[in-house]
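Listed here are the chains, written in short residue letters.
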Amino acid sequence: MICIAETDARPLYEQVYAAVREEIACGALVQGAALPPIRKLADELRVSRNTVSHAYQQLVSEGYIRAERGSGYFVDCPAETGRAQPPAPAAPPAAAPRPACDFRWEDGSAPGFPWAKWRRYVQDALLQEECRGADPAAADAALRESLCRYLQTSRGVRCTPGQIIVCGSMADALRAVLSCLPAQPCRLAFEQPGSSDARRVFERAGMQVCPAGVQADGIDMAAVRRAGCSLLYVTPSHQFPTGVVTPPEKRRDILRWAEQTGGFVIENDYDSEFSYGARRLPALQAMDEGGRVIYLGTLDKALGTAMRCAYAVLPAPLLPQEGDRSPALPSYHEAALAAFLRDGLLERQARTAAACSRDKHEILRGCLRQEGQGLALPAGQPAGTHILLRIPRCTDQQALLAWLRANGVALYGAKDCWAAPAQAREDLFLLGFAAIPASGLRQAMHRLLGLLQVYFGDCTH
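Residue indices begin from 1 for each chain and proceed along its sequence in written order. Restriction of local features to residues with pLDDT of at least 70 applies here, the model being predicted, together with a cutoff of 80 or more for giving and counting side-chain atom pairs; totals for whole chains, interfaces and linings are based on all residues. Side-chain metrics in this entry use all non-hydrogen atoms of the structure; hydrogen atoms and water are not considered.

Okay, the environment of Arg-365 next. The helix count covers DSSP runs of H or I at least four residues long, the strand count covers runs of E at least two residues long, and both are numbered beginning at the N terminus. Here Arg-365 shows up in helix α13 (residues 345-371). C-alpha of Arg-365 to C-alpha of Pro-378: the two residues are 13 residues apart in sequence and 7.5 Å apart in space. Not counting the four nearest positions on each side in its chain, Arg-365 is found in contact with Pro-378, Gly-380, Pro-382 and Ile-387. Any two residues whose heavy atoms approach within 4.5 Å are treated as being in contact.

Set out below in structure tokens:
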């Protein structure tokens, strides 16, 4: 039974999230079980629908549940998570203290977000539903129209509102794309290093993922051709995690491959707003004349993860039937977001977030120049909300990460970005700056670099 407690100090959405997760962990909600609709659960718990929607989106992002367009939410956790767990010990060990300096590259907040204005958009959308009744199809159409204009203006994407599918998360968007392909391809060329989250979505779909190395100008197309795949996944505007921007000539080569093989390219443009020191190129999809590029994006970086929204722009031949286009987000959420985009607030917020990240990026690189002392140096191109960091003297990534965390600093290894463990690099790390305010970055970097000096200068640690 999902319930919340008035005496609990946690935010309401966090209580709902924890209650559903506990129901899954203890086996009360099994794999495939349907969750209560957002409106029904909100009424039962006497909380806002936004509270339940936020909790469900968090569960989706962590893989506990999935959203099915037009059907609702269903348990979709790994088998071991959904099984009944043994009773907890009477005195569980205390949770590890939160690190004083957390260099994660993703964060739920959005710097400078206009919360007061957003609340008014949500209130207006809820009032419209109360007066006229919910119209999910109209809200979805309005959001797709606003997204279409935004993508045309900001990224040069050539599309109509009808080509856009709105999803709750990037993982949902990837799954939606795979379901729309005419024949399920079994082999996919994938950047290495690359996003482990995206790679796992393809692997769970039963696909054979064929790694292709990332060169100074993007993915190795000779390796792609040798792999004999019919599907290619790329992040040309900002390759994760290296930051490489694919130049126009390599982009044309990617499109030639698609035309020659009849394959499709999945372009993930997830954080194209965060590019520093170089002129932004239009999306790869903007160059596509043959309808071979499937364009993906998300609003998470600008809006924060509390309002997750991802989308896919499909070539016309891959569009699902009209009856399969049920909205993935609550109708009031889509209506509010459509108005937010329509009034130009997304562009303004994206500029604010990008400027904040650019300032942080400069602080990090300045600290590395001044205090790195050969211990740590940037290894990738400037973009996104992280720096690919090389620590040349590191030969045991896990040992170093554990020692740093024990001393109050959370750094993150990049080994998971390689599909083949034998090829993973021990000396590469992801130094993120999303979770640390600009005012505290220099102090955090001073602490990290000082600890590295101790670690490598004193072999008795």
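Here a strand pair is declared whenever DSSP counts at least two bridges between the two strands. Reading across from one edge, β12-β13-β16-β15 is the order of the four strands in this open sheet, with antiparallel pairing throughout. Two strands close off the open sheet at either side, each with one partner strand: β12 (377-378) and β15 (412-413). In terms of strand pairing, β15 meets strand β16 (residues 428-432) through two bridges, oriented antiparallel. For Tyr-412, the partnering residue across the bridge sits in β16 and is Leu-430.

The next thing to look at is the confidence of the model for the protein. For any part of a model where pLDDT is low, the fine detail of the predicted coordinates should not be relied upon. Mean pLDDT over the protein stands at 85; residues scoring 70 or higher make up 89%. You can read pLDDT as the predictor saying how much it trusts each residue, on a scale of 0 to 100. Of the regions scoring below 50 in pLDDT, residues 79-95 engages in twelve contacts with residues more than four places distant in sequence or in other chains.

The next subject is the packing of aromatic side chains. Between 30 and 60 degrees the pair is tilted, below 30 it is stacked and above 60 it is edge-to-face, where a pair is any two Phe, Tyr or Trp rings, Trp via its six-membered ring, whose centres lie within 6.5 Å. One pass over the structure, following the stated rule, counts 14 aromatic pairs. Ring geometry for Phe-240 versus Tyr-270: centroids 6.5 Å apart, planes at 75°, classification edge-to-face. Here Tyr-270 lies in the loop between β9 (264-268) and β10 (293-298) and Phe-240 lies in the loop between β8 (231-234) and α10 (248-261), a separation of 30 residues in the sequence. The pair formed by Phe-240 and Tyr-270 is uniform in burial state, with each residue classed as buried. In this structure an aromatic cluster arises from ring pairing among Phe-113, Trp-115, Trp-118, Tyr-121 and Phe-340. The positively charged end of Arg-292 is found above the aromatic ring belonging to Phe-264, 4.1 Å away from the centroid. Type-normalised accessible area, obtained with a 1.4 Å probe on protein chains alone, sets the label of each residue: buried when under 20%, exposed when over 50%, and partly exposed for intermediate values. Only lysine NZ and arginine CZ atoms are considered, and such an atom sits over a ring when it is within 6 Å of the ring centre and within 35 degrees of the ring normal.

On to the sheet that holds strand β6 (residues 208-215). Spatially, eight strands are ordered β4-β11-β10-β9-β8-β5-β6-β7 in an open sheet, and the strand pairing comes out mixed. Both edges of this open sheet fall to β4 (164-167) and β7 (218-219), since each of them pairs with a single strand only. Two strands pair when backbone bridges link them, and β10 and strand β11 (residues 310-313) are joined in this way by four bridges, in the antiparallel orientation. Residue pairing across strands places Thr-298 opposite Ala-310, the latter belonging to β11. In the packing of helix α7 (residues 170-180) onto the sheet, contacts are made with β4, β8, β9, β10 and β11, and the angle to β10 comes to roughly 160°. Axes here refer to lines fitted to C-alpha atoms; in helices the fit is confined to the stretch in contact. Angles between the N-to-C directions go from 0 to 180 degrees.

The subject of this paragraph is the nonpolar core. If you look at the biggest cluster of nonpolar residues, it comprises 36 residues, and the most contacted ones within it are Phe-202, Ile-266, Ile-294 and Leu-296. Counting residues per element, this core draws most heavily on α7, at seven residues. To form a nonpolar core, buried Ala, Val, Leu, Ile, Met, Phe, Trp, Tyr and Cys residues must be joined to one another through side-chain atoms within 4.5 Å. Listed in part, the 34 residues of the second largest apolar core include Leu-143, Ala-283, Tyr-295 and Ala-350.

This next bit is on the packing of helix α6 (residues 136-155) against helix α12 (residues 331-342). Between α6 and α12, whose axes approach to 8 Å, the crossing angle comes to 30°. Here α6 lies roughly parallel to α12, going by the angle between them. Seen along the crossing, α6 lies across α12 with a hand that is left-handed. In this structure, α6 contributes Pro-136, Ala-139, Asp-140, Ala-142, Leu-143, Ser-146, Leu-147, Arg-149 and Tyr-150 to the contact, and α12 contributes Ser-331, Glu-334, Ala-335, Leu-337, Ala-338, Leu-341 and Arg-342. Classification convention: Asp, Glu, Lys, Arg as charged; Ala, Val, Leu, Ile, Met, Phe, Trp, Tyr, Cys, Pro as nonpolar; all other residues, Gly among them, as polar. Considering only residue class, the contact of α6 with α12 consists of ten nonpolar, two polar and four charged. Orientation is classified from the angle alone, with under 35 degrees giving roughly parallel, over 145 giving roughly antiparallel, 65 to 115 giving roughly perpendicular, and any other angle giving oblique. For a crossing to be left-handed, the near helix must be turned anticlockwise from the far one by less than a right angle; the clockwise case is right-handed.

Further remarks concern unusual backbone geometry. Of note, the bond from Gln-192 into Pro-193 is cis; its omega dihedral lies within 30 degrees of zero at 0°. Along the polypeptide, Pro-193 turns up in the loop between β5 (187-192) and α8 (196-204). Phe-240 connects to Pro-241 through a cis peptide bond whose omega is 10°. Along the chain, the position of Pro-241 falls in the loop between β8 and α10. The backbone of Arg-46 shows a phi angle near 60°, a positive value even though the residue is not glycine. Turning to its location among the elements, Arg-46 is positioned in the loop between α2 (38-45) and α3 (49-61).

As a further point, take a positive patch on the surface. Together, Lys-117, Arg-119, Arg-120, Arg-348 and Arg-351 make up a region of like positive charge exposed at the surface. Where the positive patch is concerned, the elements lending two or more residues are α5 (115-132) and α13. Per-element accounting of the positive patch gives the leading share, three residues, to α5. Mapping Arg-348 onto the fold places it in helix α13. For patches, a residue must show more than 30% relative accessible area and have no salt bridge; joins then use 9 Å for like charges and 5 Å for nonpolar side chains, namely Val, Leu, Ile, Met, Phe, Trp and Tyr. The Shrake-Rupley method, run with a 1.4 Å probe, gives the accessible areas here. Residue values count only the displayed protein chains as cover. The rule for a salt bridge is simple: a side-chain nitrogen of Lys or Arg has to be within 4 Å of a carboxyl oxygen of Asp or Glu. Residues scored as charged are limited to Lys and Arg (positive) and Asp and Glu (negative), so that His and the chain ends carry no count. Every charge is mapped to an atom, namely NZ of Lys, CZ of Arg, CG of Asp or CD of Glu.

Here Gln-397 is to be found in helix α14 (residues 397-406). Judged by relative accessible area, Gln-397 falls into the buried class, the value being 1%. Residues contacting Gln-397, with those up to four places away along its chain left out, are Gly-413, Ala-414, Lys-415, Arg-425, Glu-426, Asp-427, Leu-428 and Phe-429.

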